[in-house]
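Reading the structure
Spelled out from the first residue to the last, the chains are:
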Amino acid sequence: DKGEDALAIVRLYNEAMAEVQRTSGNRLFPQAVLPLWDSKEMAREARRCVEEHKLTGFTLPDRPEQFGI
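Residues numbered from 1 in each chain as written. Predicted model: local features only at pLDDT ≥ 70, side-chain atom pairs only at ≥ 80, totals over all residues. Heavy atoms only, no water.

**A few points about the environment of L12**
Filter applied, for reference: In this text, helices come from DSSP runs of H or I with a minimum length of four residues, and strands from runs of E with a minimum of two, each type numbered from the N-terminal end. Think of it in three bands: with a 1.4 Å probe and only protein chains considered, a residue is buried below 20% of the maximum accessible area for its type, exposed above 50%, and partly exposed in between.
Its place among the elements puts L12 in helix α1 (residues 2–23). For L12, a relative accessible area of 56% gives the class exposed. It is 16 Å that separates the C-alpha atoms of L12 and A43, two residues lying 31 residues apart in sequence.

Shown next as structure tokens:
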């Protein structure tokens, strides 16, 4: 499924960014990306990034209304 593949890519990217933050000794703060096409998955991934990975923010589009958010 195309959506599942895209979600897996988003999760892997966010895990890689969390690793960058950890290995930098929390000197670098890369931002997570979210699956904008699914509001439930977007909320779930946002919580996971903050609670599990301690990421500090998200990269969002400049016109979120185009994605219905």
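**Overview of the side chain of H53**
The condition is simple: Only heavy atoms matter for contacts: two residues are in contact if any of them lie within 4.5 Å across the pair.
You can see H53 is positioned in the loop between α2 (39–51) and β2 (58–59). Setting aside chain neighbours within four positions, we find H53 in contact with E15, A18, Q21, R22 and R48.

**Observations concerning the nonpolar core**
Put simply, the rule reads: Only buried residues count toward a nonpolar core. Its members are Ala, Val, Leu, Ile, Met, Phe, Trp, Tyr and Cys residues joined through side-chain atoms within 4.5 Å.
If you look at the biggest cluster of nonpolar residues, it comprises five residues: M17, A18, A32, C49 and L55. Leaving out residues up to four positions away in the same chain, L55 has contacts with N14, M17, A18, Q21, P30, A32, C49 and V50.

**Remarks on the pattern of salt bridges**
Definition in use: Counted as salt bridges are all cases of a side-chain nitrogen of Lys or Arg within 4 Å of a carboxyl oxygen of Asp or Glu.
For the structure on display, the rule yields seven salt bridges. For R11, the salt bridge identified is with E45, shortest N-O distance 3.7 Å. Of this pair, R11 sits in helix α1 while E45 sits in helix α2, and the two are 34 residues apart along the sequence. A residue is classified by how much of its surface remains accessible, and E45, at 2% relative accessible area, is buried. Residue R22 pairs with E19 through a salt bridge whose shortest N-O separation is 3.0 Å. Linking R22 with E19, this pair stays in helix α1, spanning three residues, or about one helical turn.

Interpretation note: all reported values are geometric properties and have no functional meaning in isolation.
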